[in-house]
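# Close look at the chain arrangement
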Amino acid sequence: MLFKPDLDNAKTTGKSVARGAARRIVSITLTLVILGGLGYIAWTAFQQKQTAGRGGGLPRDLPVPVLAATPRVLDVPVYLDGVGSVRALNNVIVRAQVDGKLLQVNFTEGQDVKKGDVLGEIDPVIYKAQYDQAVAKKAQDEAQLANMRIDLARYQQLAASNAGSKQQADTQRAVVAQQEALVNADQAMIDNAQATLGYTRIIAPLSGRAGLRQVDQGNIIRASDATGLVIITQLQPIAVQFSLPQQQIVRVNAASARGALTVDVFGNDGVTVVDTGTLKGIDNQVDPTTGTLKLKAEFPNTNFQLWPGQFVNIRLKVETLAKAIVVPTSAVQRGPVGTFSYVVSADGIATAKPVVVTQQNETDAVIASGLSPSDRVVTTGFANLSDGARVFIGRDDQTPSADLAPRKRTRAPDAAGKDGERRGNNGEGDQKGQTGPGPAEGSVKSGSGAKSQP
């Protein structure tokens, strides 16, 4: 007997299974939608909490905390910056002028010597003998000259009484003149021998500092030696040669025509002025390889702050801007159309005004137009500031200071419920550097700009 399946029951069972699967799919979908919505709500709440903890975003109805400063009216010097090298004003290689044995060295390496000091002595025996020989030769010729003059007097007397020949008298007069010339030549030989004898004493030609000794005592020193005995460098005063771009030629020449120009040289930190001198010379042509003009300044170098061969930063004062408007550099902002500053009105509204900057450095900016001495410009707090926003001007002592290094933050199990209390007690918030009172009380964030006196 063959088995015959019940087709009706099978169809009924299949429909029941399909309906159950559809219900499960719908339930799972609804569950996922509900969980997704709850997750989105939780994530949004968490982000709002994080934003509030970091102090980001101020309510539109609250003023923006800022610091402000009033422009100052000052006489501002205008400088041209350059890089140069220190050079000795005079540098001399002291060489011997005669050959001989170096008997004595009278200086110490690195010693300051004066002009005329005897630096070394060469054996003078040979040169003293030559001098004595020249003196003796002159004495011999002078004795002969005396005898010739006596003979000339006799011949002149005989010729006057017609007892002798006038020609003989004239010839004797010529002989006397020749002997006088010979005596003069002997004197020249004496002067030459005396000068040569003096060269055995090596004299400092200028005042300065002696370098390292090139020849030791006891050696034979020659006038042809390239190294010489020592190098003397003049350190006081001292010179600095520097370069400026060729675009500044007209400006420098115009300033130089008005009078002597002041030049400052900076130390190794690039900030401290170690010496101040005057511009002494301007080169007569531009270096075509670099497009720069060479200039030379002279400094007193009282405390030996400058040393030959040293590279230094310099600044050349070319003019002074009288009664210029000066604001902190942080007050000058840059936008798509140029520079501008936020000016705070009497009712506490910040307005962006375009300004023209003449020059600026790390601390101050000179304003050519756009501001007046009575304006108050914002220097700190630009993060939440916009044109037309209401501001609250704080005090300098409310400016938070940035941490030197990040602090380690620890979170206790119940930290979530105590974040507000820690922030209220000036503890560590969610953002590094968040200190002091809240925004509504007039504090500003660290790092938003340079401090300035309101």
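Rules behind the numbers
Residues numbered from 1 in each chain as written. Predicted model: local features only at pLDDT ≥ 70, side-chain atom pairs only at ≥ 80, totals over all residues. Heavy atoms only, no water. Helix = DSSP H or I, 4+ residues; strand = E, 2+ residues; numbered from the N terminus. Buried < 20%, exposed > 50% of the residue type's maximum accessible area, 1.4 Å probe, protein only. Contact = heavy atoms within 4.5 Å. Areas by Shrake-Rupley, 256 points an atom, 1.4 Å probe, with all protein chains shown as cover. Pairing = 2+ DSSP bridges. Expected span 1.5 Å × (residues − 1). Phe/Tyr/Trp six-rings, centres within 6.5 Å; stacked < 30°, edge-to-face > 60°. Lys NZ or Arg CZ within 6 Å of the ring centre and 35° of its normal.

## A look at the overall build of the protein chain
Counting its secondary structure elements, the protein chain contains 5 helices and 22 strands. Counting over 454 residues, the protein chain shows a buried share of 30%. If you take every contact in the protein chain between residues at least 6 apart in sequence, the share linking residues at least 24 apart comes to 76%. As presented, the protein chain carries roughly 27,900 Å² of accessible surface, and 54% of it is formed by carbon and sulfur atoms.

## Topic: the side chain of T196
Looking at the secondary structure, you find T196 in helix 3 (residues 166-198). When its relative accessible area of 16% is taken as the criterion, T196 is described as buried. The contact partners of T196, leaving out residues within four places of it in the chain, are V98 and Y127.

## A short note on the pairing of strand 2 (residues 72-88)
Examined bridge by bridge, strand 2 and strand 15 (residues 311-328) share 13 bridges and lie antiparallel to one another. Opposite V73, over in strand 15, you have I325 as the bridge partner. Here strand 2 pairs with strand 11 (residues 238-245) via 6 bridges, running antiparallel. The residue of strand 11 that forms the bridge with A88 is I238.

## Focus on the sheet that holds strand 10 (residues 230-233)
Strand order across the open sheet formed by 4 strands is 3-10-8-5, with antiparallel pairing between neighbours. Unpaired on one side and paired on the other, strand 3 (91-94) and strand 5 (112-113) mark the two borders of the sheet. Pairing geometry for strand 3 and strand 10, over 4 bridges, is antiparallel. Note on strand 10: the bridge partner recorded for V92 is I232.

## Digging into the environment of A139
Relative to the assigned elements, A139 resides in helix 2 (residues 125-160). A C-alpha to C-alpha distance of 8.3 Å links A139 and V183, two positions 44 residues apart in sequence.

## A few points about helix 2
The periodicity of an α-helix, 3.6 residues per turn, causes residues three or four positions apart to be oriented the same way. Over its 36 residues, helix 2 extends 53 Å from the first C-alpha to the last, a length consistent with the 52 Å expected when each residue adds 1.5 Å. Every buried residue belonging to helix 2 is among Y127, A134, K138, D141, L145, M148, D151, L152 and A159, and all of these are buried. Packing partners of the buried residues in helix 2 comprise helix 3. Among the residues trailing helix 2, N162 stands out with phi positive, at a value near 60 degrees.

## Some thoughts on the packing of aromatic side chains
According to the stated counting rule, one finds 3 aromatic pairs in the structure shown. An aromatic cluster is present here, built from F340, Y342 and F382 joined pairwise through their rings. Across from the ring centre of F304, 4.9 Å away, lies the NZ or CZ of R209, which sits over that ring. Its guanidinium or amino end placed over the ring of Y79, R315 lies 4.1 Å from that ring's centre, counting from NZ or CZ.

Read these as spatial facts, not as claims about activity.
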